[in-house]
Amino acid sequence: MPRLHPPPPLHEHPVVTRFRERRAKQPQLRIADVITDFAGSMPFVYVHVVVFAVWMLFVEESPWPTLTLVVSLEAIFLSTFVLIGQNRASAFQQEKADHDFLEAETEVKTNTELTREIHRLTVELHRRVVGPL
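Keep in mind that what you see is a predicted model, and the values were worked out from it rather than measured.

### A look at the packing of helix α2 (residues 27-39) against helix α4 (residues 64-129)
Okay, step 1: Here α2 crosses α4 at 110°, and the two axes come no closer than 10 Å. Here α2 is positioned roughly perpendicular relative to α4, judged by the angle of their axes. At the point where α2 passes α4, the crossing takes the left-handed sense. Seen from α2, the contacting residues are A32, D33, I35, T36 and A39; seen from α4, they are L78, F81, I84 and R88.
Okay, step 2: Partitioned by chemical class, the residues of the contact of α2 with α4 number 6 nonpolar, 1 polar and 2 charged.

### Details of the pattern of salt bridges
Okay, step 1: As enumerated under the stated definition, the model contains 8 salt bridges in all.
Okay, step 2: When the shortest N-O distance is used, the salt bridge between E95 and R18 registers 3.6 Å. One end of the pair, E95, is in helix α4; the other, R18, is in helix α1 (residues 14-24), with 77 residues separating them in the sequence.
Okay, step 3: For E95, a relative accessible area of 17% translates into the label buried.
Okay, step 4: Residue E117 pairs with R120 through a salt bridge whose shortest N-O separation is 2.7 Å. In this pair, E117 and R120 are both assigned in helix α4, 3 residues apart and thus about one turn of the helix distant.

### Some points on the packing of aromatic side chains
Okay, step 1: A complete count under the given rule lists 2 aromatic pairs for this structure.
Okay, step 2: Between F19 and F92, the aromatic rings sit 5.5 Å apart at their centres with planes inclined by 65°, giving edge-to-face as the arrangement. Of this pair, F19 sits in helix α1 while F92 sits in helix α4; the two residues are 73 residues apart in sequence, bridging distant segments of the chain. Each member of the pair, F19 together with F92, is buried.
Okay, step 3: On the numbers, 5.5 Å between centres and 85° between planes, the contact of F38 with F44 is edge-to-face.
Okay, step 4: You can call F44 buried: its relative accessible area is 14%.

### Focus on a nonpolar patch on the surface
Okay, step 1: A cluster of nonpolar side chains, namely V50, V54, M56, L57, F58, V59 and W64, defines an oily patch on the protein surface of about 740 Å² accessible area.
Okay, step 2: With respect to the helices and strands, the residue M56 is situated in helix α3 (residues 42-59).
Okay, step 3: Overall, M56 belongs to the partly exposed group, its relative accessible area being 31%.

Rules used throughout
- Residues numbered from 1 in each chain as written.
- Predicted model: local features only at pLDDT ≥ 70, side-chain atom pairs only at ≥ 80, totals over all residues.
- Heavy atoms only, no water.
- Axes fitted to C-alpha atoms, helices over the stretch in contact; angles between N-to-C directions.
- Helix = DSSP H or I, 4+ residues; strand = E, 2+ residues; numbered from the N terminus.
- Parallel < 35°, antiparallel > 145°, perpendicular 65-115°, else oblique.
- Left-handed = near helix turned anticlockwise from the far one by under 90°.
- Contact = heavy atoms within 4.5 Å.
- Nonpolar A, V, L, I, M, F, W, Y, C, P; charged D, E, K, R; others polar.
- Salt bridge = Lys/Arg side-chain N within 4 Å of Asp/Glu carboxyl O.
- Buried < 20%, exposed > 50% of the residue type's maximum accessible area, 1.4 Å probe, protein only.
- Phe/Tyr/Trp six-rings, centres within 6.5 Å; stacked < 30°, edge-to-face > 60°.
- Patch = residues over 30% accessible without salt bridge, like charges linked within 9 Å, V, L, I, M, F, W, Y side chains within 5 Å.
- Areas by Shrake-Rupley, 256 points an atom, 1.4 Å probe, with all protein chains shown as cover.

In structure tokens form, the structure reads like this:
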């Protein structure tokens, strides 16, 4: 019977490590990560408050048409980055679920083999100590 050793303790889920390493190799994904990190922060909100206030007060006499155009274009790009982030999260969750499923299947097979071996040994021990069933 093979000796089973527990795996070494992990500090991070293996899928997380693989996913991060793959993303780090792709410049466009690193750029998208930086943008979504900034776009989802309070400094992003503060910058916009200041920029919009300056624009409305000092840049144009009638700022609404141009400002509306700029904000609309920005919304288009930001929504694209939100979708990129959602796709990334979805891909990560699917990869993690697949990994966890395979690990669980391996555990079930190992536990089944161990249970069968324990049963076989128990029957053999009973036969030797008490006699045939």
